[in-house]
Amino acid sequence: MAKFVATTSLPQTWNGRKTDYFLGTWCFPHKGMPKKNCALYPWDDRDRMFNDYKKIKKLLSAFEKKIFRILNQVHKKNYHKKYWKIQLYPWLGYFISMIYHNWICIKSLESKGKKYWHTKAVFLSPAQMIPQDSLAFTKMFTDDVWNSHIFGQIMEWRNHKVSWIILKKRKDEQESATAKLNKVNNLIKSIYFYFLDLKNRFFAYENLVYKIYLPKWQQIKWNYIQNKFQIISPLSPPIYGNILFNTKLRKYMTLCLTKNQQKKRNFQSFLNNKIFQYLPFCYLEKFQAVQKAAEKINKLSTPRSITTSVGHIFDEAFKHFIGKNIQKTKLFILPHGGFGTSRFDYDEDHDLSVCTKYFSWGWKFHSKHFILGTLKLSAASCDLVKTGNCFF
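Think of each chain on its own: its residues are numbered from 1, step by step along the sequence as written. At least 70 in pLDDT is required for a residue's local features to be given in this predicted model, at least 80 for side-chain atom pairs to be given and counted, and no such filter applies to totals for whole chains, interfaces and linings, which use all residues. Where side-chain values are given, they derive from all heavy atoms of the structure, hydrogens and water being excluded.

Describing the confidence of the model for the protein
Part 1 of the reasoning: Residue-level confidence of the predictor is what pLDDT reports, using numbers from 0 through 100. Per-residue confidence for the protein gives a mean pLDDT of 82, with 77% of residues at or over 70.
Part 2 of the reasoning: The contact criterion used is simple: two residues touch if any of their non-hydrogen atoms lie within 4.5 Å. Confidence drops under pLDDT 50 across residues 171–181; counting only partners more than four residues distant or on other chains, this segment forms zero contacts.
Part 3 of the reasoning: A low-confidence stretch, residues 380–388 (pLDDT under 50), is modelled with 13 contacts involving residues beyond four sequence positions or located in other chains.

Structure representation (structure tokens):
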């Protein structure tokens, strides 16, 4: 008889007192709950985590070539591999890492000696399981509902018993008590963006600066005193509108990826069969909306340089703009939090793979690193634009 395992903290996916095992401590939402019959977390072994990270990087590199080729084919484009590397970041790396994480947790469960396991998992429709873009995915993959669905998919792939359940729709969050304060903040931001863009309406510059960690007053000052670069205000996100899931196209893309695949039920086979099912809408059905939003960025078709801290992460339109110009434009990236402190970091590894120079806060272990310090801290005491040569 199959033993029952709970994979998330959702009580609907448990089997009451008959739950035999819990996949991890995340299954217990309250600190006081006893952690009985709970699996050991595979990545508590930091050496294993580092080795798995290297495996994921190698796997990601192999997947990129295939995925980029297929995306060019379905969109009838011939974009450079660096374009897709920038456009699909951070979704592709995060997605493969999360799927691999959940996969090894199930493998760890199988090592307990039981041949068959049983679980309950949340069934999701395409509209529920596919994010609109990379930003939506970062909110999705930390959610128990999405992870329950993925654990169910993996266990089904591994020939375990899965009982699929449908959850009732969650109520929309009530309006925040700080709504009035948000309105004031939005008014201040609109005034700031107006003055920031006033000069940009009449002139186009070779060097673009977008979303860097610098006080707003300093950005306005730089925009009007220094004529060598142009700080542009945040873009409006693409208007996705109603989204229709293109089942036929996604099945065709999956077939292109799996046509020479051996009939094995390993991780790579699972990923080949699932990755296009979970591809964000902005890279497929709503790709034209991203292209349209990017048309408003700059009068110059190919800037000399682009400098950003976070514009290349979740801003789909700006990523499209960077990617189209990356072969002729210098890309300078400033840190965006938490770097230089750990043994490995996917985000910084990605940044170094696509940028011309990476301005660090003090660390240097790569030829592209340039120690600059933090603009946010230095802005109050020094004016970096007097020489005009800091970036360019």
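So, the sheet that holds strand 4 (residues 161–165)
Part 1 of the reasoning: Only strands that DSSP links by at least two bridges are regarded as paired with each other. For helices the rule is a DSSP run of H or I covering at least 4 residues; for strands it is a run of E covering at least 2, with both sets numbered from the N terminus onward. Judged by pairing direction, the sheet is parallel, and its four strands sit side by side in the order 2-1-3-4 without closing on themselves. Because the sheet does not close on itself, it has two edges, and the strands there are strand 2 (21–22) and strand 4.
Part 2 of the reasoning: Judged from the five bridges that link them, strand 3 (residues 117–122) and strand 4 form a sheet pairing that is parallel. Residue pairing for strand 4: Val 122 is matched across the bridge by Ile 165.
Part 3 of the reasoning: For every element, the axis is a line fit to its C-alpha atoms; helices are fit only across the contacting stretch, and the angle between N-to-C directions ranges from 0 to 180 degrees. The sheet strands contacting helix 6 (residues 144–157) are strand 1 (3–6), strand 3 and strand 4, and the helix crosses strand 3 at an angle near 140°.

Examining the state of the cysteines
Part 1 of the reasoning: To count as a disulfide, a pair of cysteine sulfur atoms needs to be within 2.5 Å. Applying the stated criterion across every chain, the model contains zero disulfides.
Part 2 of the reasoning: Counting only cysteine sulfurs, Cys 27 is the nearest neighbor of Cys 38, a cysteine outside any disulfide, at a range of 6.4 Å.
Part 3 of the reasoning: Looking at Cys 38, the relative accessible area reads 18%, which means it is buried.
Part 4 of the reasoning: Free of any disulfide, Cys 105 has its nearest neighbouring cysteine sulfur in Cys 27, separated by 9.5 Å. Buried, partly exposed and exposed residues are distinguished by accessible area as a fraction of the type maximum, computed with a 1.4 Å probe on protein chains only: under 20%, between the cut-offs, and over 50%, respectively.

What to know about the pairing of strand 7 (residues 305–308)
Part 1 of the reasoning: Of the two faces of strand 7, the one holding Ser 305 and Thr 307 and the one holding Ile 306 and Thr 308 are both buried throughout.
Part 2 of the reasoning: Here strand 5 (residues 207–210) pairs with strand 7 via four bridges, running parallel. Paired with Asn 207 across the strands is Ser 305, a residue of strand 7.
Part 3 of the reasoning: Viewed along the sheet, the connection from strand 7 through helix 12 (residues 316–325) into strand 8 (residues 330–333) turns out right-handed. Look down the strands so they point away from you; if the path from the first strand over the helix to the second goes clockwise, the crossover is right-handed.

Regarding the packing of helix 1 (residues 46–75) against helix 3 (residues 91–110)
Part 1 of the reasoning: Contact geometry of helix 1 with helix 3 gives a least axis separation of 10 Å together with a crossing angle of 130°. If you check the angle between helix 1 and helix 3, you find them oblique. Taken as a pair, helix 1 and helix 3 cross one another with a handedness that is right-handed. Residues Arg 48, Asp 52, Lys 55, Ile 56, Leu 59, Leu 60, Phe 63, Glu 64 and Ile 67 of helix 1 pack against Leu 92, Gly 93, Ile 96, Ser 97, Tyr 100 and Ile 104 of helix 3.
Part 2 of the reasoning: Following the grouping adopted for this structure description, the nonpolar residues are Ala, Val, Leu, Ile, Met, Phe, Trp, Tyr, Cys and Pro, the charged ones are Asp, Glu, Lys and Arg, and the polar ones are all others, Gly among them. Residues that form the contact of helix 1 with helix 3 fall into these classes: nine nonpolar, two polar and four charged. Orientation is classified from the angle alone, with under 35 degrees giving roughly parallel, over 145 giving roughly antiparallel, 65 to 115 giving roughly perpendicular, and any other angle giving oblique. Less than a right angle of anticlockwise turn of the near helix away from the far helix marks a crossing as left-handed, whereas a clockwise turn marks it as right-handed.

Topic: the environment of Ser 309
Part 1 of the reasoning: Along the chain, the position of Ser 309 falls in the loop between strand 7 and helix 12.
Part 2 of the reasoning: Judged by relative accessible area, Ser 309 falls into the buried class, the value being 1%.
Part 3 of the reasoning: Taking the C-alpha atoms as reference points, Ser 309 and Phe 359, separated by 50 residues in sequence, lie 9.6 Å from one another.
Part 4 of the reasoning: Leaving out residues up to four positions away in the same chain, Ser 309 has contacts with Tyr 210, Lys 211, Ile 212, Tyr 213, Leu 334, Pro 335 and His 336.

Some words on the environment of Phe 370
Part 1 of the reasoning: In this structure, Phe 370 sits in strand 10 (residues 369–371).
Part 2 of the reasoning: A relative accessible area of 39% means that Phe 370 is categorised as partly exposed.
Part 3 of the reasoning: Along the sequence, Phe 370 and Phe 359 sit eleven residues apart, while their C-alpha atoms lie 4.7 Å from each other.
Part 4 of the reasoning: When sequence neighbours within four positions are dropped, the list of residues in contact with Phe 370 reads Tyr 358, Phe 359 and Ser 360.

Here we look at the sheet that holds strand 7
Within a beta sheet, neighbouring strands are joined by backbone hydrogen bonds and run either parallel or antiparallel to one another.
Part 1 of the reasoning: A sheet is described by the order of its strands in space; here six strands give the open sequence 6-5-7-8-9-10, paired in parallel fashion. On the outer flanks of this sheet lie strand 6 (230–232) and strand 10, each paired with one strand and no other. Neighbour-to-neighbour, the strand axes of the sheet open up by a mean angle of 25°, direction not taken into account.
Part 2 of the reasoning: Alignment of strand 5 against strand 6, held across three bridges, turns out to be parallel. Following the sheet pairing, Tyr 210 is matched in strand 6 by Ile 232.
Part 3 of the reasoning: Lying on the sheet, helix 12 is in contact with strand 5, strand 6, strand 7 and strand 8; it crosses strand 7 at an angle near 145°.

Quick word on empty space enclosed by the protein
Part 1 of the reasoning: For cavity detection a 1 Å grid was placed over the protein atoms alone, and a set of points counts as a cavity when a 1.4 Å probe fits there but cannot get out; an open set counts as a pocket when protein lies on both sides within 12 Å along at least five of seven lines, with lining residues being those that have an atom within 4 Å of a point. Grid points are joined across faces, edges and corners, and a volume is the space filled by probe spheres set on the points. Following the criterion strictly, the structure yields two cavities of 30 Å³ or more and no others.
Part 2 of the reasoning: Put simply, the second largest cavity is a space of about 40 Å³.
Part 3 of the reasoning: What lines the second largest cavity is simply Tyr 53, Ile 56, Lys 57, Leu 60, Ser 97 and Tyr 346.
Part 4 of the reasoning: The leading source of residues in the lining of the second largest cavity is helix 1, at four residues.

Topic: the packing of aromatic side chains
Aromatic ring pairs: the centre-centre distance and the angle between the two ring planes describe each pair.
Part 1 of the reasoning: Stacked, tilted and edge-to-face pairs are distinguished by plane angle, under 30 degrees for stacked and over 60 for edge-to-face with tilted covering the rest, among Phe, Tyr and Trp rings (Trp via its six-membered ring) whose centres lie within 6.5 Å. A full pass over the atoms with the stated rule returns 28 aromatic pairs.
Part 2 of the reasoning: Here Tyr 94 and Phe 141 contribute two aromatic rings whose centre-to-centre distance is 6.0 Å and whose plane-to-plane angle is 85°, an arrangement assigned as edge-to-face. Taken together, the residues Tyr 94 in helix 3 and Phe 141 in the loop between helix 5 (134–140) and helix 6 connect sequence positions 47 residues apart.
Part 3 of the reasoning: Under the relative-accessibility criterion, Phe 141 is labelled buried at 15%.
Part 4 of the reasoning: Where Trp 103 meets Phe 267, the ring centres are 5.6 Å apart and the plane angle is 65°; that geometry is what we call edge-to-face. With a gap of 164 residues between them, Trp 103 in helix 3 and Phe 267 in helix 10 (residues 267–274) connect regions that are remote in the sequence.
Part 5 of the reasoning: An aromatic cluster is defined as three or more aromatic residues linked by ring pairs; in this entry it consists of Tyr 89, Trp 91, Tyr 94, Phe 95, Phe 137, Phe 141, Trp 146, Tyr 278 and Tyr 346.
Part 6 of the reasoning: Taking the ring centre of Phe 63 as reference, the NZ or CZ of Lys 66 above it sits at 6.0 Å.
Part 7 of the reasoning: Should the NZ of a Lys or the CZ of an Arg lie within 6 Å of a ring centre and within 35 degrees of the ring normal, that charge is described as sitting over the ring. Here the basic side chain of Arg 265 rests over the ring of Trp 157, its NZ or CZ set 4.3 Å away from the ring centre.

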